[in-house]
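Structural description and commentary
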Amino acid sequence: MLMTFASSSAAQRLVGASRDAADDLARRVTAARGATFGLHRASLTQVAVRLAAVEMARLGLAPATALGTEAVAARVTFEALRERALAYFAPVARFPGFARALAATLAELRLGRVAPGPLAALGGPGRDVAELARRFEGQLEGANVADRATLLAIATRAAAEGPLRRMPMVLLDVPIGGPAERVFVEALTALSPAVLATVPAGDDTTLEALRTLGARDAVGGQADARGVGSHGIPDGRDRDADADRAGGDDTDLARARSFLFTAASPPLRAARGDVLFFSAPGEGRETIEIARRILDEARSGTPFDEMAVLLRAPDVYGSLLEVALRRATIPAWFARGTSRPDPSGRAFLALLDCVLERFSARKFAEYLSLGQVPPLDAAGAPPANRVVWAAPEDETLGSAAERTPASNLGVAPLDIGPSQEPDADEQPVVEGTLRAPWRWEQLLVESAVIGGKDRWSRRLAGLEAEYGARLARFREEEPDSPRVSAIERELRNLEHLRRFAIPVIERLTALPARGTWGEWIAALETLAPIVLRRPERVLTVLAALRPLDVIGPIALDEVRDVLAGELTTLAERPPADRYGRVFVGTIEQARGQSFEVVFLPGLAERIFPQKPREDPILLDVLRRDLDDSLATQEVRGRRERLLLRLAVGAAGRRLHLSYSRIEQTEARQRVPSFYALEVRRAVTGRVPEPQQMEREAAAAAGARLAWPAPDDPSRGIDEVEHDLATLRQQLASGE
């Protein structure tokens, strides 16, 4: 992308689809010009936060995180059910996913500036949604919390007076999804001396929003008086000019960008080889083949940071890619959204379940099994004064969400490395796991019988007496039996369990029965460092809920339901510097960025494209009667096509498309999706025969289910593949 600024000395504002996109473009401009000064970089949300910060401080408002809005949605649902204010949603409102779905729907309605009144007029489910929307707004106002809609409204008013409005401005692929964002962008750009807006082809919603603000297409270098332009091409537009451009740059990528999803047939031609398509037997093998091609590209001179793997289904491919890239020793930068199971979060949830099940021994054993027992004090009890601090992670909070080193806060950093203590029976904890007698939880009778610290103490004392009686019997009858030492070891482990479990149960007993979010957060922030070896993730999630401190009272089961979605999996925080690493993230996370080589896995049925699904809270039949700005199935289908356009547009030199030809969970063959056929049509001008395309994709990788290694040993991603490939050559030669 070529950028020309009005002045080399004037300050300019660069607003990206994400902060990473803005930073990438600023670095490219700096590298091309040698040096730059006065480039203010931010995402649209960060700009809104900076503009609204003073007014929010004056009003005493705190920004709400995504988890915070979900907690408010859960609270208003609970209150509405208790007061029997719901009719249509009453049978399903207690389901675990209802609060999250409601929070998403209410956020869309508020960003679309849809008031509860018109919703109530729809009747049926609309009346329930209107009731929940009124309660939601009341809770936000009562707690002095600003969600994204409120944040944008305050920032819109502040933009009319701030100095930022007079800067030349670049809007780098910034999505404008609704009226609230459109009004904010209008206020932000109203008095700017020059504005350049870039729009990905196919993002008709953003393009139309910019046109309503007076922007005109700048494809041929023309723009309006302020320099506002776009490179988006809406459906139905005459494509002759784009065909001419594709002819001038007649690469496969240029044709894919120009003719993807066009109604007209592209000119016939043979593929040139810069859009490649391959398949592998299973998603795991597919990620291995991606790693192999990354190494091939690196050997040809492409830097790692000029390559990206873009995911439509990160839950399917994220962990597999992590394993494949680690095997190949490829440095990778995983953007937020790639997640893995979180043992500390699951251990904390197990303790909350232990309380909800009347201090269940079974749940306490589940907590111990996750290896999150903290270092104990000299008496074998949990640490009483362990201080750990963590900030919330959310883009809305801006710099407040950036991780601060513990040393800067006067807090000793946690030692989470491998234990240097000898593995002796006297050591109560081994790598986060407490020594305890085998099947001790079953020996304490059924978990539901245990009712608190006193019962735990009596049951453990009874278990100790039972072990003591057995030990005395064996010492008398079989003094040389190995069972004597085994029972002695069990008694030592039982003492470890007693010293640790009783103080923890006492802490759990002290949790309030009901309280405001502020009271719950204070109690759980005190509990987490005492019971978790690595409490940072739990503390980060709790910090994100601090703006809701006055909302309540709520019970523990509601607290647990809100925390469960965040604590079961851990979103990996990427390194501070992504350069020198392969970018791995969702397609939306790469919006506004470009790479020399892009890998796009998952072009198979039911993975990409994914079937658009209606909003379960507010169906399309009601949305059409309510407001044109609300998304319907047609809009969701366009968004899915836009994702493919974004992935194709992010590649500058080569695009690797792939799919898994085996559905492992159902043990059946999988076929490429029609998006793969559409890319081939755009490149060659003809729709390929599906079976022929499958055979060519399988031959392109040469990945066989029966032999997990390439034919050429030099292309192995690690020593195992190299050895297997060498062995295969030896077997084939008969040596």
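Further up the page is the structure itself.
Bear in mind that the values here come from a model prediction, so they are computed numbers and not experimental data. (Residues numbered from 1 in each chain as written. Predicted model: local features only at pLDDT ≥ 70, side-chain atom pairs only at ≥ 80, totals over all residues. Heavy atoms only, no water.)

This part takes up the side chain of Gln139. The residue Gln139 is located in helix H6 (residues 125-143) in this model. There is a polar contact of 3.3 Å between the side chain of Gln139 and the side chain of Glu79. Beyond its immediate chain neighbours, meaning those up to four positions away, Gln139 contacts Val72, Arg75, Val76, Glu79 and Ile551. (Helix = DSSP H or I, 4+ residues; strand = E, 2+ residues; numbered from the N terminus. Polar contact = N/O pair within 3.5 Å; in protein donor to acceptor, adjacent residues only side chain to side chain. Contact = heavy atoms within 4.5 Å.)

Under the definition given, this model contains nine aromatic pairs. When the centroid spacing of 5.6 Å and the interplanar angle of 25 degrees are considered together, the rings of Trp333 and Phe583 count as stacked. Highlighted residues: Trp333 in strand E9 (residues 332-334) and Phe583 in strand E16 (residues 582-586), separated in sequence by 250 residues. The pair Trp333 / Phe583 is uniform in exposure class, with both members buried. With centroids separated by 5.4 Å and ring planes inclined at 35 degrees, the aromatic side chains of Phe583 and Phe595 adopt a geometry described as tilted. With Phe583 in strand E16 and Phe595 in strand E17 (residues 595-600), this pair connects stretches of sequence that are twelve residues apart. Look at Phe583 and you get buried, because its relative accessible area is 1%. Three or more aromatic residues joined by ring pairs form one cluster here, namely Phe261, Phe608, Phe674 and Tyr675. The aromatic ring of Phe278 is capped on one face by Arg293, whose charged end is 4.1 Å from the ring centroid. Positioned over the ring face of Trp707 is Arg728, at 5.5 Å from the centre of the ring. (Phe/Tyr/Trp six-rings, centres within 6.5 Å; stacked < 30°, edge-to-face > 60°. Buried < 20%, exposed > 50% of the residue type's maximum accessible area, 1.4 Å probe, protein only. Lys NZ or Arg CZ within 6 Å of the ring centre and 35° of its normal.)

All right, on to unusual backbone geometry then. In this chain, Phe608 is followed by Pro609 through a cis amide linkage whose omega measures 10 degrees. Within the element layout of this structure, Pro609 appears in the loop between E17 and helix H22 (620-626). Despite not being glycine, Phe261 has its phi angle at roughly 65 degrees, a positive value. Tracing the backbone through its elements, the reader meets Phe261 in the loop between helix H11 (252-259) and strand E7 (275-280). Despite not being glycine, Arg606 has its phi angle at roughly 70 degrees, a positive value. Since its relative accessible area comes to 55%, Arg606 is described here as exposed.

Bringing the packing of helix H2 (residues 44-59) against helix H7 (residues 148-159) into the picture now. The interhelical angle for the contact between H2 and H7, taken along N-to-C directions, is 75 degrees, at an axis separation of 8 Å. As the angle between them shows, H2 and H7 are arranged roughly perpendicular. Residue-level inspection shows Thr45, Ala48, Val49, Leu51, Ala52, Glu55 and Met56 of H2 in contact with H7, the latter providing Arg148, Leu151, Leu152, Ile154, Ala155, Ala158 and Ala159. For the contact of H2 with H7, the residue count by class is eleven nonpolar, one polar and two charged. (Axes fitted to C-alpha atoms, helices over the stretch in contact; angles between N-to-C directions. Parallel < 35°, antiparallel > 145°, perpendicular 65-115°, else oblique. Nonpolar A, V, L, I, M, F, W, Y, C, P; charged D, E, K, R; others polar.)

Okay, the side chain of Thr684 next. Considering the arrangement of structural elements, one finds Thr684 in helix H24 (residues 674-684). With relative accessibility at 9%, the residue Thr684 sits in the buried group. Residues within four places of Thr684 in sequence aside, it is in contact with Arg255, Pro267, Leu268, Arg269 and Ala271.

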